[in-house]
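# Inside the fold
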Amino acid sequence: MSDKQPNLSNAKKVFIKTYGCQMNVYDSDRMTDALAPHGYTPTSEMGEADLVLLNTCHIREKAAEKVYSELGRIRDFRNERAPGAKKMLIGVAGCVAQAEGEEIMARAPAVDLVFGPQSYHRLPELLSKAQTGRVIDTDFPEEDKFAHLPAAKKEVTISRGLTAFLTVQEGCDKFCSFCVVPYTRGAEVSRPVAQVLAEARGLADAGVREITLLGQNVNAYHGLDENGRPVSLGALCHMLAEIDGIERIRYTTSHPRDMDDELIAAHRDLPQLMPYLHLPVQSGSDAILKSMNRRHTAAEYYEIIDRIRTARPDMALSGDFIVGFPGETDADFQATVDMVAKIGYASAFSFKYSTRPGTPGAQMDDQIEEHVKAERLEILQAEITRQSQQFNAGCVGMTLPVLIEKPGRNPGQVAGRSPYLQAVHISAEKDLIGQILPVEIIGQAKNSLEGRIVTADRIAV
Ligand code: 5AD
Ligand code: SF4
């Protein structure tokens, strides 16, 4: 070992397991960044960790239950370690921590630390407290978490790749009657414009080519500019598009009611804004939409989709659907299937309704039996799969700009994404990684496309 190398005897390792949505993926990276100045480096081996963190999801019952079984496994792992092995702290973060903090403490005595999504900037302080006793922090603090979270070092951002998430908005005020998010993530907050732009510039400077703006209600973004004026998501996209190096912008997840004219126009006017939109509608039945408290009708959703397709005719649409919401009749469900057929989705996600404690849906009569939910889910998923294969088949023969992101599964292959977020596998050399190239789509597999580079000349998207 050369004497120029740092002394790593105090170096500690953190193992983070992430469940749930992209915001949790982003948050896990921010926790890693918050721990870095305190000597922690990430590891993918739980066995060598001084700190194990579970970043959890509470959106459906299954996701929450996974946490308790994983905690049992980690506890056994810790107990079986050789006597005298280094101490391993166990922490639970994320939405289960926020919603069931006390219950985790009671059910899982091995847990040293429980903290909610709004406390990540306090992590180093919470860890030092956890050295002497169990700690729980599920407050919604006054201070701006993001202003206190350190940025990643440039080499760390480089190691994370060419695409990055950037949370611009967090929390939700919509209170859909099935959803825990307003309780776990709190009220809707938008990050100030300058903060977002600074983070995006840092990403671009480290070679990031594509950013996905995140928020539970991202299209309700209304962060303030330096004059204290609210800026819409459409206007923010225009500002981000001016940053050198940012060639692709995406955003997720949106609510139909917040799909405003400025954002729709940005899809028409901004080549950097990718023609892919995840716009959950949840149900095609007006009665169910009403009892879900979605505050729009199926007709209004169709009208929004028309406006979007007028602005950007090739827009690939994605959505989320819930089957078996309380009171959902066969006719209600059929309206959902009809909606999927009518819209034509490039991709979509569908879920069986899961009763979440504390939400209005949990109190409703007419809960649907599990086997009915399962039957409906199967029917809907078959229709969605049919549609997404149809969408992919329609791309065969087209030449699409593909951001080449990483080596492919096999040697001599690279993998990238089309503007429509499809994975594209290409036979090409690794030195093309980082470029956006015209790729002719020559085939289609179950969840991806196969392509051939048309010319290695860079093209504008
Ligand atoms: N049960 C089933 N699915 C749910 N979702 C949110 N809450 C529930 C629930 N209680 C789904 C919605 C949402 C996606 C993120 O998860 O479709 O858009
Ligand atoms: Fe949950 Fe989305 Fe509804 Fe907010 S808008 S309550 S995050 S489903």
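Predicted, not measured: the structure shown is a model, and the values here were computed from it.

## Describing the side chain of R122
- Position of R122 among the secondary structure elements: in the loop between strand 5 (113-115) and helix 4 (123-130).
- The class for R122 is buried, based on a relative accessible area of 17%.
- Among the polar contacts listed, one links the side chain of R122 to the side chain of D137, at a separation of 2.7 Å.

## Regarding the site of ligand 1
- The environment of ligand 1 is formed by I59, R60, F178, Q282, D320, I322, F351, K352, Y353, S354 and R356.
- D320 places a polar side-chain atom, nitrogen or oxygen, 2.7 Å from an oxygen atom of ligand 1.
- A distance of 2.8 Å separates a nitrogen atom of ligand 1 from a polar atom in the backbone of S354.
- In isolation ligand 1 has 400 Å² of accessible area, and contact with the protein removes 87% of it.
- Listed by contribution, the elements that provide at least two residues to the shell around ligand 1 are strand 13 (316-323) and strand 14 (347-352).
- In terms of residue class, the shell around ligand 1 is made up of five nonpolar, two polar and four charged.

## Comments concerning the sheet that holds strand 16 (residues 413-417)
- Reading around the circumference, 15-16-17-19-18 is the order of the five strands in this closed barrel, with mixed pairing throughout. Sheet twist, expressed as the average angle between the axes of neighbouring strands with direction ignored, equals 55°.
- Alignment of strand 15 (residues 399-407) against strand 18 (residues 436-444), held across five bridges, turns out to be antiparallel. Following the sheet pairing, T399 is matched in strand 18 by E440.

## Observations concerning the nonpolar core
- I211, L213, L236 and L240 are the most contacted members of the largest nonpolar core, which totals 55 residues.
- Two domains each put at least three residues into this core: domain 2 (151-274) and domain 3 (296-393).
- Apart from the residues lying within four places of it in its own chain, the contact partners of I211 are A164, L166, A200, L203, L240, I246, R248, I249 and R250.
- Residues F15, M46, C57 and A64 belong to the second largest nonpolar core, which totals 24 residues.

## Examining the pairing of strand 15
- Two elements, strand 15 and strand 16, share four bridges in a ladder whose sense is antiparallel. Paired with P407 across the two strands is V414, which belongs to strand 16.
- Connecting strand 15 to the antiparallel partner strand 16 that follows it, the hairpin turn spans five residues, and G412 within it adopts a positive phi of roughly 80°.

## Considerations on the site of ligand 2
- Taken together, C172, K174, F175, C176, F178, C179, V181, P182, N217, H255 and R294 are the residues near ligand 2.
- When the residues that make up the shell around ligand 2 are grouped by side-chain class, the tally is seven nonpolar, two polar and two charged.

## With respect to the packing of helix 10 (residues 261-269) against helix 12 (residues 298-311)
- Direction vectors running N to C along helix 10 and helix 12 enclose 35°, while the axes themselves pass 8 Å from each other. The residues of helix 12 that touch helix 10, namely those facing D261, I264 and R268, are R307, I308 and A311.
- Taken together, the residues of the contact of helix 10 with helix 12 break down into three nonpolar, no polar and three charged.

## Some words on the UniProt feature "domain: Radical SAM core" (unreviewed entry) in the protein
- Mapped onto this structure's residue numbering, the UniProt feature "domain: Radical SAM core" (unreviewed entry) falls at residues 158-390.
- In this annotation, residues 158-390 is assigned 39% helix and 15% strand; the end-to-end C-alpha distance for the span is 36 Å.

## Comments concerning the sheet that holds strand 2 (residues 40-42)
- Taken in spatial order, the six strands line up as 2-1-3-4-5-6 in an open sheet, and their pairing is parallel. The open sheet is flanked by strand 2 and strand 6 (135-137), the only strands paired with a single partner. Across the sheet, the axes of successive neighbouring strands diverge by a mean angle of 20°, strand direction being ignored.
- As defined by bridge partners, strand 1 (residues 12-18) adjoins strand 3 (residues 51-56) across five bridges and the pair is classed as parallel. Bridge pairing links V14 to L51 in strand 3.
- In the packing of helix 3 (residues 94-107) onto the sheet, contacts are made with strand 3, strand 4 (89-93), strand 5 and strand 6, and the angle to strand 5 comes to roughly 135°.
- Where helix 4 meets the sheet, it contacts strand 2, strand 3, strand 4, strand 5 and strand 6, and its direction lies at approximately 155° from that of strand 5.

## Re the pattern of salt bridges
- This model, assessed by the stated rule, comprises 32 salt bridges.
- For E199, the salt bridge goes to R30, with nearest N and O atoms at 3.2 Å. You can see E199 sitting in helix 8 (residues 193-205) and its partner R30 sitting in helix 1 (residues 22-35), a full 169 residues away along the chain. For the residue pair E199 and R30, the accessibility class agrees, reading buried in each case.
- E370 is the salt-bridge partner of K352, the closest N and O atoms lying 3.2 Å from each other.

## Some details on unusual backbone geometry
- A cis amide bond, omega 5°, links T252 with the succeeding residue T253.
- With respect to the secondary-structure elements, T253 resides in the loop between strand 11 (248-252) and helix 10.
- One non-glycine residue, L421, lies in positive phi territory at about 70°.
- Structurally, L421 can be placed in the loop between strand 16 and strand 17 (423-427).

## A word on the confidence of the model for the protein
- When pLDDT is averaged across the protein, the result is 94; 97% of the residues are at 70 or more.
- Throughout residues 1-9 the model reports pLDDT below 50, and contacts reaching past four residues in sequence, or to other chains, amount to zero contacts.

## Some points on the packing of helix 12 against helix 13 (residues 330-343)
- Between helix 12 and helix 13, whose axes approach to 12 Å, the crossing angle comes to 10°. Taken together, helix 12 and helix 13 sit at an angle that is classed as roughly parallel. By crossing handedness, the relation of helix 12 to helix 13 is classed as right-handed. Residues A298, Y301, Y302, I305 and R309 of helix 12 pack against M339, K342 and I343 of helix 13.
- By residue class, the composition of the contact of helix 12 with helix 13 is six nonpolar, no polar and two charged.

## Looking at the environment of P37
- For P37, the position within the fold is in the loop between helix 1 and strand 2.
- On the basis of relative accessible area, P37 is assigned to the exposed category, the value being 59%.

Calculation notes
- Residues numbered from 1 in each chain as written.
- Chains lettered and ligands numbered in written order.
- Predicted model: local features only at pLDDT ≥ 70, side-chain atom pairs only at ≥ 80, totals over all residues.
- Heavy atoms only, no water.
- Helix = DSSP H or I, 4+ residues; strand = E, 2+ residues; numbered from the N terminus.
- Buried < 20%, exposed > 50% of the residue type's maximum accessible area, 1.4 Å probe, protein only.
- Polar contact = N/O pair within 3.5 Å; in protein donor to acceptor, adjacent residues only side chain to side chain.
- Near = heavy atom within 4 Å.
- Areas by Shrake-Rupley, 256 points an atom, 1.4 Å probe, with all protein chains shown as cover.
- Nonpolar A, V, L, I, M, F, W, Y, C, P; charged D, E, K, R; others polar.
- Pairing = 2+ DSSP bridges.
- Axes fitted to C-alpha atoms, helices over the stretch in contact; angles between N-to-C directions.
- Core = buried A, V, L, I, M, F, W, Y, C linked by side-chain atoms within 4.5 Å.
- Domains from an automatic or database assignment.
- Contact = heavy atoms within 4.5 Å.
- UniProt positions renumbered as here; feature names shortened; annotations may be inferred.
- Salt bridge = Lys/Arg side-chain N within 4 Å of Asp/Glu carboxyl O.
- pLDDT = per-residue confidence, 0-100.
- Parallel < 35°, antiparallel > 145°, perpendicular 65-115°, else oblique.
- Left-handed = near helix turned anticlockwise from the far one by under 90°.

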